[in-house]
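Structural overview
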Amino acid sequence: MSVNQPLAMATDPSPRKVVLAVDGSDNAEHAFDWYVKNMHKPNNELVLAHCPETFANVTMMSPGKVQELMTEAEAKIKNIETKYEGKMDKAGIKGQFVRLVNQDKPGSAICECALEHGATYIVTGTRGLGKIRRTLMGSVSDYVIHHAHVPVLVVRHKDGKQ
């Protein structure tokens, strides 16, 4: 390479795959909007990762109740998918919505998703739990920060909304 030749990295930004964790919360929507406004580049591809809620004690429920819960859950997931696909379309972002299967451990599922999709980094919102509540309840964003193989951007509301 000659002295006058610019670095390839400076002239040709390579496409990046970004995993963004989404759910039905305001925090996830804020993280999406913040990413679009502050981080998104035209050649990035977004992988919207959603880990559906699990149901405890379904074995104790009647088959009718289990079916009702499954139908409600599927409708919620479809609403989240439609919402974020619409937001991507409006912003001109190419990407996909991915339903994660490790429902008992969403943090682990997000890290696995990033590995499977070759993500450059992960974006997630946070509920802003205090240290004691986070210790007792656990935190998806905390898990992802400590276990992801790529950088993690945790987006929190400036005004402290939770």
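Description of the structure in this document. (Residues numbered from 1 in each chain as written. Predicted model: local features only at pLDDT ≥ 70, side-chain atom pairs only at ≥ 80, totals over all residues. Heavy atoms only, no water.)

1. Examining the pattern of salt bridges
A complete count under the given rule lists six salt bridges for this structure. K87 is the partner of E29 in a salt bridge, and the nearest nitrogen-oxygen pair spans 3.3 Å. Separated by 58 residues along the polypeptide, E29 in helix α2 (residues 26–38) and K87 in helix α3 (residues 63–91) bring together distant segments of the chain. Under the relative-accessibility criterion, E29 is labelled partly exposed at 23%. With a shortest N-O distance of 3.6 Å, E68 and K65 are connected by a salt bridge. Residue E68 and its partner K65 are located together in helix α3, separated by three residues, close to a single helical turn. The partly exposed category is assigned to E68, whose relative accessible area is 39%. (Salt bridge = Lys/Arg side-chain N within 4 Å of Asp/Glu carboxyl O. Helix = DSSP H or I, 4+ residues; strand = E, 2+ residues; numbered from the N terminus. Buried < 20%, exposed > 50% of the residue type's maximum accessible area, 1.4 Å probe, protein only.)

2. Things to note about helix α4 (residues 106–117)
A rise of 1.5 Å per residue sets the reference length of α4, with its twelve residues, at 16 Å; its end C-alpha atoms lie 16 Å apart and thus fit the reference within 8%. When α4 is considered as a whole, its buried residues turn out to be G107, S108, A109, I110, C111, C113, A114 and H117. At the C-terminal side of α4, G118 shows a positive phi close to 65°. (Expected span 1.5 Å × (residues − 1).)

3. Notes on the nonpolar core
Nonpolar side chains in soluble globular proteins tend to be buried together. In this structure, L20, L46, L48 and V123 are the most contacted members of the largest nonpolar core, which totals 18 residues. Among the nonpolar cores identified, the runner-up in size contains 17 residues, and V47, A49, C113 and V144 belong to it. (Core = buried A, V, L, I, M, F, W, Y, C linked by side-chain atoms within 4.5 Å.)

4. Observations regarding the environment of L20
With respect to the helices and strands, the residue L20 is situated in strand β1 (residues 17–21). L20 gets classed as buried once you look at its relative accessible area, which sits at 0%. Sequence separation between L20 and A114 is 94 residues, and the spatial gap between their C-alpha atoms is 9.2 Å. Every residue in contact with L20, bar those within four places of it in the chain, is listed here: A31, F32, Y35, L46, V47, L48, A49 and V123. (Contact = heavy atoms within 4.5 Å.)

5. Re the packing of α2 against α3
The description of two helices packed together rests on the angle between their axes and the distance between the axes. Their axes nearest at 12 Å, the elements α2 and α3 cross at an angle of 15°. Between α2 and α3, the crossing angle belongs to the class labelled roughly parallel. Note that α2 runs across α3; the crossing there is right-handed. Between α2 and α3, the contacting residues are A28, E29, F32, D33 and V36 on the first element and K83, Y84, K87, M88 and A91 on the second. Grouping the amino acids of the contact of α2 with α3 by side-chain chemistry returns six nonpolar, no polar and four charged. (Axes fitted to C-alpha atoms, helices over the stretch in contact; angles between N-to-C directions. Parallel < 35°, antiparallel > 145°, perpendicular 65-115°, else oblique. Left-handed = near helix turned anticlockwise from the far one by under 90°. Nonpolar A, V, L, I, M, F, W, Y, C, P; charged D, E, K, R; others polar.)

Note that all results are geometric; they support no functional claim without further evidence.
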